[in-house]
Amino acid sequence: MIAKMKPNCSIINCSRGGIAQLADLAEGINRGKIKSLALDVLEFENPQAWTPEYKAIVDVLMSHNPVLITPHVAGWT
């Protein structure tokens, strides 16, 4: 789906973590298709549940600016 989007789009996902695949978002960021990204949810909220591959994708996303990832708990944000 990201390949069909216009370049320099902004994505905000605050619904469910599985809706937006992190690997696809990371690829879109790396290719310049996605200009900015805000995620209030992740597929796996608890970092202790992350596989090394999942953590690597999160690290790629967090290395880009502007990317914002917040916990999906209103009291924490």
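Since this is a predicted model, take the numbers as computed values, not measurements. Along each chain, numbering runs from 1 in the same order as the chain's sequence is written. Local features in this predicted model are restricted to residues of pLDDT 70 or higher, and side-chain atom pairs are both shown and tallied only at a pLDDT of 80 or more, whereas totals for entire chains, interfaces and linings draw on every residue. Note that water and hydrogens are dropped before the side-chain values are worked out from all heavy atoms of the structure.

Asker: What is the right way to look at the layout of surface pockets in this model?
Answerer: Empty pockets left among the atoms are what a rolling probe the size of a water molecule brings to light. Lining residues are defined by having an atom within 4 Å of a point belonging to a cavity or pocket. Those points lie on a 1 Å grid over the protein atoms alone, cavities being sets where a 1.4 Å probe fits but cannot get out and pockets being open sets with protein on both sides within 12 Å along at least five of seven lines. Grid points are joined across faces, edges and corners, and a volume is the space filled by probe spheres set on the points. Taken as a whole, the largest pocket spans an internal volume of roughly 360 Å³. If you go around the largest pocket, you meet 16 residues; those closest to its centre are Met-1, Ile-2, Met-5, Asp-24 and Leu-25. At the level of secondary structure, the elements contributing two or more residues to the lining of the largest pocket comprise strand E1 (9–13) and helix H1 (22–30). Numbering of helices and strands runs from the N terminus; a helix is a DSSP stretch of H or I covering at least four residues, while a strand is a stretch of E covering at least two. No other element matches H1, which puts four residues into the lining of the largest pocket. When residue character is reported, Ala, Val, Leu, Ile, Met, Phe, Trp, Tyr, Cys and Pro are called nonpolar, Asp, Glu, Lys and Arg charged, and the others, Gly included, polar. Its residues assigned to classes, the lining of the largest pocket shows nine nonpolar, three polar and four charged.

Asker: Would you mind going over unusual backbone geometry with me for this structure?
Answerer: Geometrically, the link from Asn-65 to Pro-66 is a cis peptide bond, its omega value of 5 degrees lying close to zero. Mapping Pro-66 onto the fold places it in the loop between helix H2 (52–62) and strand E3 (67–69). In this model, Asn-8 sits at a positive phi of 65 degrees, which is unusual for a non-glycine residue. Mapped onto the elements, Asn-8 comes out in the segment before E1.

So yeah, pure geometry; function would need other evidence.
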